[in-house]
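The primary structure of each chain is shown beneath.
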2 protein chains.
Amino acid sequence: MDIQALRKAHPEHWMRAAAIRTLALDGVAAANSGHSGMPMGMADVATVLYEKHLRFDPKAPNWPDRDRFILSAGHGSMLLYALLHLTGYEQASLQQLKDFRQWGARTAGHPEYGHMEGIETTTGPLGQGIANSVGFAIAEEILRARYGKGVVNHHTYVIAGDGCLMEGISQEAIGLAGMQKLGSLIVFFDNNNITIDGTVDLADITDQTARFEASGWHVIEIDGHDPVAIDKAIVQAKADPRPSMISCKTHIALGHAAQDTSKGHGALTDADQMAAAKAAYGWDYAPFEIPADVKSQWEAFGARGATAHAEWQTRFDKLSKGKQDEFNRALNLDAPKKLSATIKAFKKQATEAGAKMATRSSSEKVLEVINPIMAETVGGSADLTGSNNTKTADLGVFNPDNRAGRFIHYGIREHGMAAAMNGMALHGGIRPYSGTFMCFTDYARGAMRLSALMEVPAVYVMTHDSIGLGEDGPTHQPVEHLAMLRATPNTHVFRPADSVEVAEAWELALTAKKTPSVLALSRQGLPLVRKDHKNKNMSAQGAYVLADAEAGKRQAILMATGSEVSVAMAARDILEADGIGTRVVSMPCWELFEAQEEKIRKRVLPGGPVRVAIEAGVRLGWDKWLLGERGKEAKAGFIGMNSFGASAPAPELFEKFGITAEATAQKVRDLLA
Amino acid sequence: MDIQALRKAHPEHWMRAAAIRTLALDGVAAANSGHSGMPMGMADVATVLYEKHLRFDPKAPNWPDRDRFILSAGHGSMLLYALLHLTGYEQASLQQLKDFRQWGARTAGHPEYGHMEGIETTTGPLGQGIANSVGFAIAEEILRARYGKGVVNHHTYVIAGDGCLMEGISQEAIGLAGMQKLGSLIVFFDNNNITIDGTVDLADITDQTARFEASGWHVIEIDGHDPVAIDKAIVQAKADPRPSMISCKTHIALGHAAQDTSKGHGALTDADQMAAAKAAYGWDYAPFEIPADVKSQWEAFGARGATAHAEWQTRFDKLSKGKQDEFNRALNLDAPKKLSATIKAFKKQATEAGAKMATRSSSEKVLEVINPIMAETVGGSADLTGSNNTKTADLGVFNPDNRAGRFIHYGIREHGMAAAMNGMALHGGIRPYSGTFMCFTDYARGAMRLSALMEVPAVYVMTHDSIGLGEDGPTHQPVEHLAMLRATPNTHVFRPADSVEVAEAWELALTAKKTPSVLALSRQGLPLVRKDHKNKNMSAQGAYVLADAEAGKRQAILMATGSEVSVAMAARDILEADGIGTRVVSMPCWELFEAQEEKIRKRVLPGGPVRVAIEAGVRLGWDKWLLGERGKEAKAGFIGMNSFGASAPAPELFEKFGITAEATAQKVRDLLA
């Protein structure tokens, strides 16, 4: 690569891009850790994007109609930090860049959502960003349809590398975006032919152009170091009604001794080599020093957005008060005032009807009353719409012909679905929920963890939540998944027992602002256990006494969740008939129970001779609740699974695996004996 | 679709295929559950494959050089069961077909490996089968290079549907197979344009032909109901040096009222409609009845393989005794006799050297002595070769130019890697191990669960196993992953503390026959804690006393794993100096400890006043060990994580999150107070 020719051809552009390259080198060198080469390779693309196209206002980083810039290749985080610093984001101070990868800094090793304004999403696990971006673009379409293009009309730009495109999730994203014709989505492929292990052909020979085109994308191939070509490609991409992929032939670690090598992917900290690279750039400044003229050019790009922002505000102010309020309410993740009363009314009706019903069906019925009053909900399913019961009559299907639709057929793409949900939620204005079989939490897991890490209140409707699934067999029967989800920080795992608890779980999920929720729902019909209607959301306590022994006669506490709460109730009937006073505690959400004061937890789970937990999953985690109060430890038993499931009708499976009222009662008797 | 024209064009073929179609209808009707339409749609392809191409011997279902047939679209399980029954697999009795999806039957809802001979892999979670098949084909290439094509020379055939191809894992499989030029891999795409939610274009418009070609595949498009075209395509596919995809335009539920609809995807049990379909087929027989002439034709296909098998045996017998023994030993998953002595010698050397070393580096050193004596190991990494330390000098890289290579650059494809490992192990003759960062267990999870369910002894080398990863930050720092893995049945989760425990873990992983192992390994250097060399594999006990208090003076037990064992040892030094007798228990593998007799568990973890567990992960699951013996319950504490991690140098993270010897000692003091 002839650096000097590049310098001469576009000298001002060159220096602007060199500012990114040198900040990346300096930041990584200061941390003695990180990835220098990617920012150095993509500096030209990023410079042109921020200079000529990106619509943003560093003084109002959360301006709702800004363009989104997503660094899917998150290891190149210094690229983003440099851009935010150069264009004048207050939180992206020079000190932050100097503190790259240090405790307490906003400049984490990979971009972390919430750490610094201007970071639109957490990236690092490869492929997540490009899959998030599909959600961003969908959210933009839905909100444009709802509020008009005077208020919502922006682009989602992504930088993705070979790593992102090798991850399977990228295919799910590409397929979904192509079908949905998300024209406002523009992906720059950092086509540098280098991965950590070596050149890409060590593991892949895919023609990415042909691959994207196969899924309906518009593709442009350019020299990623030619600012004129970059600009022209972005203009073309914006004009095309399809999602666009701009394949940018780049040189990783451009101008450094490690250019075009896998070494260039990592931390380039050799002082002599850094000096040589800077000399080649014509960059004769101290570490982290940006010459005033270059900085002022960058700041001018940052200042440019103020006008567009002000014009937008004028247009927004012309919306009706109702629309403005709704827009702002959704952005703030505030539930509508009616929600609480709607849930209460639903609970009242459910207790009065007393119907046996699968909790997945209860969930559908709850959604039928919620969706009409929450325009911000966007539902979906990974090709199990009729099984997940996530589609209500009023939603309409979102597709290229109906941008106002609020139900998404994600296809058989659990991971892409979860990542798109994250993107929608991060975009703002949307509360995404969507479903698959609970066992396929496995497939969605990479993105579900990021919901928790990013504090995004997505709602995962995971139906068919145990061996109660029946004949489909062990590949479709979760046994370890409740434990997996409970192990994950900042995740509310709801396993409601009946229609009332389902309604309560939905209320909690839809009022959460910083926590994703998983609703584990049954395939099979379940009796109503909450027969006394209470206004209070009992599930908010995480666990509560559903039925008790006579005062002073309690010998056993049965703890259960979901479909096993009715098993516990039936076991209690047996035990009480035997004269064994028995309390039943429903525990729809461990995390909320853990968050209670100790006195509440003790009131629900007091000391006593025997405790038995019943859950059609593995025991891992239950011992915490089985232990009992210090000094009053209970004899403990567990009724559940200690293996994978099997293929047979569900009632037979519960019998064969011993998850029955009689087995529970016998366990209590044995422990008391 | 003109059924009658199809019947007339190839009457004998038609009736053979109709046998599959009607068995699928009858099996699903008997179960009142299942998927009728896929077998009905792909019956012609399967018939031609089994009639004219598939090399198999129902009397010797595990003949090593058989062709493999993988039903990636596992919901169409009745297709496979019908084929196995018709061709004469003893375990695929008619009764089994009648007992489809019932308790105890071999004919589970989805094909389950190990339930019936002829089922090569467990499918059902979509995309797994096609990704397994890449491993099957790699195994075949490696073994052919090693034993010659007289002994190993077969094909891997796959049926995949739209669901398989929408799942991201399929892209990982397609990319890897294309780059590796796996010419013996032939995938039939059941191109029926129907998913559960409706037509494919609800969610996808991908041109699958173009997509496969973009990754270097040979693609043929045919009418999937034309037996001549099917045969011709298979002939072409076998001749082409690239992996082949045969796109078969088919009609789901062919000939049934539900043909070409998403209803046709499910259970077609309406008696009148079944009767009408059978009438259209010209099939005038009772449920499950196969006319003798049709059955005898099918059985002839099954008998055909006996000759090829006998010829193969002759060739195999000409191998040297050493080669034969090695081949059989690997197939039987027997470790070489030398393994035990090799591990002991390694341990002796490690204790003598006493070096501080990251356990990922220890693992590399162990592999350096194992790989030369175990020709069946095949290593790899998902583009983190230098970080996972899985490549030893002797392996060579497996690629189209070096089929004898034993190290695979899987690319940035954790899920595809894990699924390919399953395929290699299932093929037989290979013990696959491979690595990524432990946090990306999330990505590989779908296939790792199947290792456990299928009882496949794959070895997952998961390095960078905690906040000890440091600067890369929370997206790369596992905190919940140990709990997730421990929650999964039939999975050995090893977290070794030093070089000695690493060697022991490898010995256990490589002698396991029915259980996958995960090795959670540190990025950071760890001191040697097992200073007294013992011949015995202490890790085989799961947990053991590493250091003890003076007799009669024990006040506390510290339990730890991996990098925190040395923290526990340092805490013990502090406590003993304070006069607090302290035992340290290293717990490298919970599952093996759980499998011990109770008296051994009690000996390691006797009753006593205080127990503290130390692990740089979440607490979930630890309460089981913290509880202590009934009646002698311990006061318990936990030193670990209760949130996601952060980006900073590792030593600072351990300080900030309070995972230190001093914090541990203080916790013990507090509990004793």
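Residues numbered from 1 in each chain as written. Chains lettered and ligands numbered in written order. Predicted model: local features only at pLDDT ≥ 70, side-chain atom pairs only at ≥ 80, totals over all residues. Heavy atoms only, no water.

K.L.:
What exactly am I supposed to notice about helix H13 (residues 321–331) of chain B here?
P.N.:
Note: α-helices contain 3.6 residues per turn, so residues at a spacing of three or four share the same orientation. Residues and elements named next belong to chain B. Considered for burial, the residues of H13 that qualify are Gln324, Glu326, Phe327, Arg329 and Ala330. Against helix H6 (128–147) and helix H12 (292–317) lie the buried residues of H13. In the segment just after H13, Leu333 is the residue with positive phi, at about 60°. (Buried < 20%, exposed > 50% of the residue type's maximum accessible area, 1.4 Å probe, protein only. Helix = DSSP H or I, 4+ residues; strand = E, 2+ residues; numbered from the N terminus. Contact = heavy atoms within 4.5 Å.)

K.L.:
Help me understand the packing of aromatic side chains in this model?
P.N.:
Remark: the centre distance and the inter-plane angle together describe each pair of aromatic rings, the angle taken between the planes. All names here are of chain A. All chains considered together, the criterion is met by 42 aromatic pairs over all chains. Note on Tyr81 and Phe100: the rings are 6.0 Å apart at their centroids and 70° apart in plane angle, and the pair reads as edge-to-face. One end of the pair, Tyr81, is in helix H4 (residues 77–87); the other, Phe100, is in the loop between helix H5 (94–98) and helix H6 (128–147), with 19 residues separating them in the sequence. By the burial criterion, Tyr81 is buried, and Phe100 matches it. (Phe/Tyr/Trp six-rings, centres within 6.5 Å; stacked < 30°, edge-to-face > 60°.)

K.L.:
Honestly, the pattern of salt bridges in this entry has me stumped. Any pointers?
P.N.:
Two side chains bearing opposite charge may form a pair once their charged atoms approach each other closely. Residue and element names in this part refer to chain A. As enumerated under the stated definition, the model contains 71 salt bridges over all chains in all. The shortest N-O distance in the salt bridge between Glu51 and Arg16 comes to 3.1 Å. Of the two residues, Glu51 sits in helix H3 (residues 37–53) while Arg16 sits in helix H2 (residues 11–31), which places them 35 residues apart along the sequence. Summarising the burial analysis for this pair, Glu51 and Arg16 share the class buried. (Salt bridge = Lys/Arg side-chain N within 4 Å of Asp/Glu carboxyl O.)

K.L.:
Looking at this structure, I do not really get the relation of the copies chain B and chain A. What am I missing?
P.N.:
Put simply, the two copies of the chain differ by a rotation about an axis and a shift along that axis. Structural alignment of chain B on chain A gives an RMSD of 0.0 Å, achieved by rotating through 180° and translating 0.0 Å along the axis. Given the turn and translation reported, the copies of this chain are related as if by a two-fold rotation axis. Relative to the rotation axis, the C-alpha of B:Gly168 is the closest in chain B, positioned 1.9 Å from it. Of the interface residues in chain B, 100% have counterparts in chain A that sit at the interface too, so the contact is made through matching surfaces. (Least-squares fit on C-alpha atoms with pLDDT ≥ 70 in both.)

K.L.:
Honestly, the packing of helix H21 (residues 563–577) of chain B against helix H26 (residues 661–672) of chain B in this entry has me stumped. Any pointers?
P.N.:
Two quantities define a packed helix pair, namely the angle between the axes and the distance from one axis to the other. All names here are of chain B. Their axes nearest at 8 Å, the elements H21 and H26 cross at an angle of 55°. Here H21 lies oblique to H26, going by the angle between them. Every pair of crossing elements has a handedness; the one defined by H21 and H26 is right-handed. On the side of H21, the interface is formed by Val567, Ala570, Ala571, Ile574 and Leu575, while H26 contributes Ala661, Glu662, Thr664, Ala665, Val668 and Arg669. The residue makeup of the contact of H21 with H26, split by class, is eight nonpolar, one polar and two charged. (Axes fitted to C-alpha atoms, helices over the stretch in contact; angles between N-to-C directions. Parallel < 35°, antiparallel > 145°, perpendicular 65-115°, else oblique. Left-handed = near helix turned anticlockwise from the far one by under 90°. Nonpolar A, V, L, I, M, F, W, Y, C, P; charged D, E, K, R; others polar.)

K.L.:
How should the interface of chain B and chain A be read in this particular structure?
P.N.:
Bring the parts together and some accessible area is lost; that lost area is often taken as the interface size. Opposite the 100 residues of chain B that make contact, chain A presents 100 residues. Both faces combined, the contact of chain B with chain A buries some 8000 Å², and carbon together with sulfur accounts for 61% of it. When the buried area of chain B at its contact with chain A is split by residue, B:Trp103, B:Tyr443 and B:Arg449 rank highest and sum to 10% of it. Where chain B packs against chain A, one counts eleven salt bridges. Between B:Glu480 and A:Arg449 there is a salt bridge, with its nearest N and O atoms 2.8 Å apart. Counting across the chain B and chain A interface gives 44 residue pairs in polar contact (both at pLDDT 80 or more). Of the residues assigned to the side of chain B that touches chain A, the class counts are 42 nonpolar, 32 polar and 26 charged. (Buried area = accessible area lost by both parts, 1.4 Å probe. Polar contact = N/O pair within 3.5 Å; in protein donor to acceptor, adjacent residues only side chain to side chain.)

K.L.:
It is not clear to me how the sheet that holds strand S7 (residues 244–249) of chain B should be interpreted in this structure. Could you clarify?
P.N.:
Adjacent strands of a sheet form backbone hydrogen bonds with each other and so pair up, either parallel or antiparallel. Residue and element names in this part refer to chain B. The five strands are arranged S1-S2-S3-S7-S6 in an open sheet whose pairing can be described as parallel. Across the chains shown, the open sheet's two edge strands, defined by having one partner strand only, are strand S1 (68–71) and strand S6 (218–223). In this sheet, adjacent strand axes meet at a mean angle of 20° when their direction is disregarded. (Pairing = 2+ DSSP bridges.)

K.L.:
Teacher, can you tell me more about the domain arrangement of chain A here?
P.N.:
Residue and element names in this part refer to chain A. For chain A, the assigned domains are domain 1 (3–310), domain 2 (338–526) and domain 3 (541–672). Its C-alpha centre places domain 2 at a distance of 26 Å from the equivalent point of domain 3. On the domain 3 side, the residues contacting the 25 residues of domain 2 number 31 residues. Both faces considered, domain 2 and domain 3 share a buried interface measuring about 2300 Å² in area, 60% of it formed by carbon and sulfur atoms. When residues of domain 2 are sorted by the area they lose upon contact with domain 3, Ile467, Arg486 and Arg495 head the list and together hold 31% of the total. Counting the contacts that link domain 2 with domain 3 gives two salt bridges. (Domains from an automatic or database assignment.)

K.L.:
What's the story with the side chain of A:Ser466 in this structure? I'm lost.
P.N.:
Residue and element names in this part refer to chain A. Its location among the elements puts Ser466 in the loop between strand S12 (459–463) and helix H19 (481–487). On the basis of relative accessibility, which here comes to 0%, the residue Ser466 falls in the buried class. Of the polar contacts made by the side chain of Ser466, one reaches the backbone nitrogen of Gly468; its length is 2.8 Å. With residues up to four places along the chain from it excluded, the contact list for Ser466 reads Gln477, Pro478, Arg495, Gln524, Ser563, Ala616 and Phe654.

K.L.:
In this structure, what is going on with the sheet that holds strand S6 (residues 218–223) of chain A? I would like to understand it.
P.N.:
All names here are of chain A. Strands sit in the order S1-S2-S3-S7-S6 across an open sheet of five strands; the sheet is parallel. Whereas interior strands pair on both sides, the edge strands pair on one side only; in this sheet they are strand S1 (68–71) and S6. Strand-to-strand twist in this sheet, taken as the mean axis angle between neighbours without regard to direction, amounts to 20°. Relative to strand S7 (residues 244–249), S6 runs parallel, the two sharing six bridges. Across the sheet, the residue bridging to Val219 is Met245, located in S7. Contacts from H6 reach S1, strand S2 (156–161) and strand S3 (185–191), with the element oriented near 165° to S2.

K.L.:
Explanation requested: the UniProt feature "binding site: substrate" (unreviewed entry) in chain A in the structure shown.
P.N.:
With numbering aligned to this structure, UniProt lists the feature "binding site: substrate" (unreviewed entry) at A:His35, A:His265, A:Arg360, A:Ser387, A:His464, A:Asp472, A:His476 and A:Arg523. A stretch of 489 residues holds the annotated residues, and the largest C-alpha distance among them is 47.9 Å, long enough that they do not meet in one place. Relative to the elements of secondary structure, A:His35 occurs in the loop between H2 and H3. Those residues in contact with A:His35 that lie beyond four places of it in its chain are A:Val28, A:His75, A:Arg101, A:His265, A:Gly266 and B:Asp472. Positionally, A:Ser387 belongs in helix H16 (residues 385–388). A:Ser387 sits in the buried class, given a relative accessible area of 19%. (UniProt positions renumbered as here; feature names shortened; annotations may be inferred.)

K.L.:
Sorry, what's going on with unusual backbone geometry here?
P.N.:
Of all residues except glycine, most have a negative phi; of all peptide bonds, most are trans. Backbone geometry places A:Phe288, a non-glycine residue, at a positive phi of 65°. Along the polypeptide, A:Phe288 turns up in the loop between helix H11 (271–281) and helix H12 (292–317). Unusually for a residue other than glycine, B:Asn193 sits at a positive phi of about 65°. As for its position among the elements, B:Asn193 is in the loop between strand S3 (185–191) and strand S4 (194–195). For B:Asn193, a relative accessible area of 35% translates into the label partly exposed.

K.L.:
So what exactly am I meant to see when it comes to the UniProt feature "binding site: thiamine diphosphate" (unreviewed entry) in chain A here?
P.N.:
UniProt feature "binding site: thiamine diphosphate" (unreviewed entry): in the numbering of this structure it lies at A:His75, A:Gly124, A:Pro125, A:Leu126, A:Gly163, A:Asn192, A:His265 and A:Phe440. Spanning 366 residues, the annotated positions stay apart in the fold, the maximum distance between their C-alpha atoms being 34.1 Å. Tracing the sequence through the fold places A:Gly124 in the loop between H5 and H6. Not counting residues within four places of it along the chain, the set of residues in contact with A:Gly124 comprises A:Ser72, A:Gly74, A:His110, B:Thr475 and B:His476. One can find A:Asn192 in the loop between S3 and strand S4 (194–195). Setting aside residues no more than four positions away along its own chain, A:Asn192 makes contact with A:Asp162, A:Lys249, A:Thr250 and A:Ile252.

K.L.:
What's the story with the packing of helix H3 (residues 37–53) of chain B against helix H10 (residues 227–239) of chain B in this structure? I'm lost.
P.N.:
Residues and elements named next belong to chain B. Interaxial distance between H3 and H10 falls to 9 Å at its minimum, and their mutual angle equals 55°. Here H3 lies oblique to H10, going by the angle between them. The interaxial crossing formed by H3 with H10 has right-handed handedness. On the side of H3, the interface is formed by Asp44, Val45, Val48, Leu49, Lys52 and His53, while H10 contributes Pro227, Ile230, Asp231, Ile234, Val235 and Lys238. Partitioned by chemical class, the residues of the contact of H3 with H10 number seven nonpolar, one polar and four charged.

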